[in-house]
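Remarks on the overall topology
Spelled out from the first residue to the last, the chains are:
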Amino acid sequence: MIYLDNAATTKISKTALEAMLPYYEEIYGNPSSLHTAGQRAAEALLEARTRMARLLSCAPNELYFTSGGSEADNQALLTAAAIGAKKGKKHIVSTAFEHHAVLHTLKKLEKEGFEVTLLDVHEEGIVSPLQVKNAIREDTCLVSVMYANNEIGTIQPIKEIGAVCREKGVLFHTDAVQAAGHLHIDVKEQSIDMLSLSAHKFHGPKGVGALYVRRGIPLSILIEGGAQERGKRAGTENLPAIVGMATAFEESCAAMDESAKRLSALRDRLIDGLSDIPHSALNGDRFRRLPSNVSFCFEGIEGESLLLLLDDKGICASSGSACTSGSLDPSHVLLSIGRVHDVAHGSLRLTLSEENTKEEVEYTIKAVKDTVAYLRSISPIWRDLVTGKKEFILK
Ligand SMILES: *Cc1c(COP(=O)(O)O)cnc(C)c1O
């Protein structure tokens with residue numbers, strides 16, 4: 001099996017998995033317990049928090065562990081909204097291609113009387129700091145812009161956007177779920193007030209993540225109960241997963257530069273190979289994208305059929321985000337970069353990890369070429385295009 005869906009989730013690293021086991025079998029106490037077993041667990045919890053904080057350039061008590069990226073995004077947005085509402089500031093700036101964890105929370109806030117401006121991300125899938133600056137108003141309480149997009153992999157100028165927000169005195173949140181462990185993060189240098197990350201996107205376990213909240217920002221309580229996470233997020237900590245996350249994060253960050261070099265070479269070979277397919281287009285900027293991300297549209301085919309046939313050939317790919325597949329609506333991300341419905345339906349996302357090889361990449365290029373050609377040969381839409389009944393949109 002060739003696994004090319006690492007933006008959906010990654011395989012857990014051996015080191016992370018092994019680091020977790022003692023916290024199930026030996027150090028299984030509840031960190032809130034006062035006895036020795038509990039205190040050993042509490043020490044391990046603090047150590048994991050400290051290790052993660054070091055890699056983000058924040059203090060350990062600026063990190064809150066969550067159940068993943070979605071929870072962190074929800075809590076960040078609801079916190080900024082609560083702070084804003086107190087001051088009569090009910091305007092939020094974000095982008096059209098955020099993850100649904102952000103977009104759906106914004107929808108909820110709109111129903112509660114907030115006004116949301118979603119910035120255009122242009123054909124290249126990138127917002128500019130100037131757009132952010134121009135969108136900020138007197139009553140803006142939050143800017144939320146993702147670090148790297150989960151479907152098309154484009155990287156946003158986070159540091160510059162952070163500087164604009166800091167200058168304007170507006171809170172800045174970034175969904176860094178696709179970036180953590182893969183791109184440089186320094187919350188101080190990048191003027192980030194809140195940041196979401198999720199372990200299973202960097203070879204950690206599923207169901208655990210973290211939210212960084214700059215000291216002095218009063219985090220809203222999402223889950224009421226015990227005093228865990230400084231009273232902001234109740235529930236017995238998932239210590240094995242937290243230790244696994246810290247281990248995987250350290251491992252990914254240490255390998256980041258080396259890995260980026262290797263993966264971008266594989267990515268570029270995939271992009272070059274697939275660009276040979278006529279009437280196709282790469283989604284998002286060619287260079288300002290994650291080293292692991294390849295996203296294409298092929299005219300005249302259905303992405304779902306392509307996925308199923310590729311699966312038959314042993315290739316696990318995606319048509320976009322895991323959340324959008326399964327519905328017939330084209331991806332909001334592809335629409336946001338100006339792809340029309342028909343073209344957006346013929347999408348394919350391939351996302352690499354360290355496990356992938358050159359041989360797999362060559363096999364995949366051939367498999368995609370053959371499958372697209374086959375699907376076109378039986379597609380009525382393609383027939384209309386080649387007979388001139390309909391006009392091609394992609395050159
Ligand atoms: C995967 C993902 C999420 C959701 O993270 P979970 O841990 O699965 O809840 C949020 N944002 C982005 C950009 C993602 O890629």
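Sequence positions are assigned chain by chain, starting from 1 and proceeding in written order. The predicted origin of the model limits local features to residues at a pLDDT of at least 70 and limits the giving and counting of side-chain atom pairs to 80 or more, whereas totals for whole chains, interfaces and linings rest on all residues. Hydrogen atoms and water are omitted, and side-chain values are computed over all heavy atoms in the structure.

**With respect to the pattern of salt bridges**
Short version of the rule: We define a salt bridge as a contact between a side-chain nitrogen of Lys or Arg and a carboxyl oxygen of Asp or Glu at a distance within 4 Å. Helix and strand labels come from DSSP, where a helix needs a run of H or I of at least four residues and a strand needs a run of E of at least two; each type is numbered from the N terminus. Each residue is placed in one exposure class: buried if its accessible area under a 1.4 Å probe, protein chains only, is under 20% of its type's maximum, exposed if it is over 50%, and partly exposed if it falls in between.
With the rule as written, the count across this model stands at 21 salt bridges. In this structure, the salt-bridge partner of Glu 229 is Arg 49, at a minimum N-O distance of 2.9 Å. Taken together, the residues Glu 229 in the loop between strand E8 (209–213) and helix H8 (239–275) and Arg 49 in helix H3 (residues 36–56) connect sequence positions 180 residues apart. The same class applies to Glu 229 as to Arg 49, namely buried. The residue Arg 288 makes a salt bridge to Asp 285 at a minimum N-O spacing of 3.2 Å.

**Describing the sheet that holds strand E9 (residues 280–282)**
Test applied: A pair of strands counts as paired when DSSP detects no fewer than two bridges linking them. Note on definitions: angles span 0 to 180 degrees between N-to-C directions of axes, and those axes are lines fitted to C-alpha atoms, for helices only across the stretch in contact.
The strand order E9-E10-E12 describes an open sheet built from three strands, whose pairing is antiparallel. At either margin of the open sheet sits one strand with a lone partner, and together these are E9 and strand E12 (347–351). Each neighbouring strand pair of the sheet contributes to a mean axis angle of 20°, computed without reference to strand direction. As paired strands, strand E10 (residues 293–298) and E12 are joined by five bridges and run antiparallel to one another. By the bridge assignment for E12, Asn 293 is matched with Thr 351.

**Focus: the packing of H8 against helix H12 (residues 358–377)**
Heads up, the rule is: Any angle that is under 35 degrees is reported as roughly parallel, and any over 145 degrees as roughly antiparallel; angles of 65 to 115 degrees are reported as roughly perpendicular and all others as oblique. With the far helix as reference, a near helix turned anticlockwise by less than a right angle produces a left-handed crossing, and one turned clockwise produces a right-handed crossing. In what follows, a contact means two residues having at least one pair of non-hydrogen atoms within 4.5 Å. The classification used treats Ala, Val, Leu, Ile, Met, Phe, Trp, Tyr, Cys and Pro as nonpolar, Asp, Glu, Lys and Arg as charged, and all other residues, Gly among them, as polar.
Viewed as axis vectors pointing N to C, H8 and H12 meet at an angle of 20°, and their least axial separation amounts to 10 Å. What the angle tells us is that H8 and H12 run roughly parallel. With respect to the hand of their crossing, H8 and H12 are arranged in right-handed fashion. Residues Leu 266, Arg 269, Leu 270, Gly 273 and Leu 274 of H8 touch H12, and the partners they reach there are Lys 358, Val 361, Glu 362, Thr 364, Ile 365, Val 368 and Lys 369. Partitioning the contact of H8 with H12 into residue classes produces six nonpolar, two polar and four charged.

**Section: the sheet that holds strand E7 (residues 194–198)**
Across the sheet, which stays open at both edges, the seven strands sit in the order E2-E8-E7-E6-E5-E3-E4 with mixed pairing between neighbours. Strand pairing shows two members of the sheet lacking a second neighbour, strand E2 (63–66) and strand E4 (115–119), which therefore form its edges. Ignoring which end each strand starts from, the neighbouring axes of this sheet average 20° apart. Bridge count for E7 against E8 is five bridges, and the pairing is antiparallel. Within E8, the residue paired with Leu 195 across the bridge is Tyr 212. Across the sheet, helix H4 (residues 69–86) is in contact with E2, strand E5 (140–144), strand E6 (171–175), E7 and E8; its angle to E7 comes to roughly 165°. Running at roughly 155° to strand E3 (residues 91–95), helix H5 (residues 100–111) makes contact with E3, E4, E5 and E6 of the sheet.

**Digging into the nonpolar core**
As a reminder, the rule being used: Buried Ala, Val, Leu, Ile, Met, Phe, Trp, Tyr and Cys residues that are joined via side-chain atoms within 4.5 Å together make up what is termed a nonpolar core. The split of the chain into domains comes from an automatic or database domain assignment.
In this structure, Val 143, Leu 195, Leu 197 and Met 245 are the most contacted members of the largest nonpolar core, which totals 66 residues. Looking at this core element by element, the count peaks at ten residues for H8. Taken domain by domain, the makeup of this core includes at least three residues from each of domain 1 (14–254) and domain 2 (256–386). If near-sequence neighbours (up to four positions away) are discounted, Met 245 is found in contact with Met 52, Phe 65, Leu 197, Ala 199, Phe 202, Pro 205, Val 208, Gly 209 and Ala 210.

**Topic: the site of the ligand**
Worth spelling out the cut-off: Each residue is tested against the molecule or strand, and it is near if at least one of its non-hydrogen atoms lies within 4 Å. Any pair of nitrogen or oxygen atoms within 3.5 Å is treated as a polar contact; in protein, a donor-acceptor pairing is required on top of that, and neighbouring residues in sequence qualify only through side-chain atoms on both sides. Computed by Shrake-Rupley with a 1.4 Å probe, the accessible areas treat only the displayed protein chains as cover when residues are assessed.
Around the ligand sit 13 residues, and of these Ser 70, Asp 175, Gln 178, Ser 198 and Lys 201 come closest. Taking Gly 69, its main chain carries an N or O atom lying 2.8 Å from an oxygen atom of the ligand. Note that an oxygen atom of the ligand is positioned 2.7 Å from one of the side-chain N or O atoms of Ser 70. When the free accessible area of the ligand is taken as 380 Å², the share hidden by the protein chains comes to 86%. In terms of residues, the shell around the ligand owes the most to one element, H4, which gives three residues. Looking at the shell around the ligand residue by residue, the class counts come to two nonpolar, eight polar and three charged.

**Remarks on the side chain of Ser 336**
Looking at the element boundaries, Ser 336 is found in helix H10 (residues 332–336). Apart from residues no more than four positions distant in its own chain, Ser 336 is found in contact with Ala 96, Phe 97, Asp 120, Val 121 and His 122.

**Examining unusual backbone geometry**
Unusually for a residue other than glycine, His 122 sits at a positive phi of about 60°. Relative to the elements of secondary structure, His 122 occurs in the loop between E4 and helix H6 (129–135). In this structure His 122 comes out as partly exposed when scored by relative accessible area, which is 30%. One non-glycine residue with positive phi stands out, namely His 279, at about 55°. Inspection of the secondary structure assignment puts His 279 in the loop between H8 and E9.

Interpretation in functional terms is not warranted from these geometric data alone.
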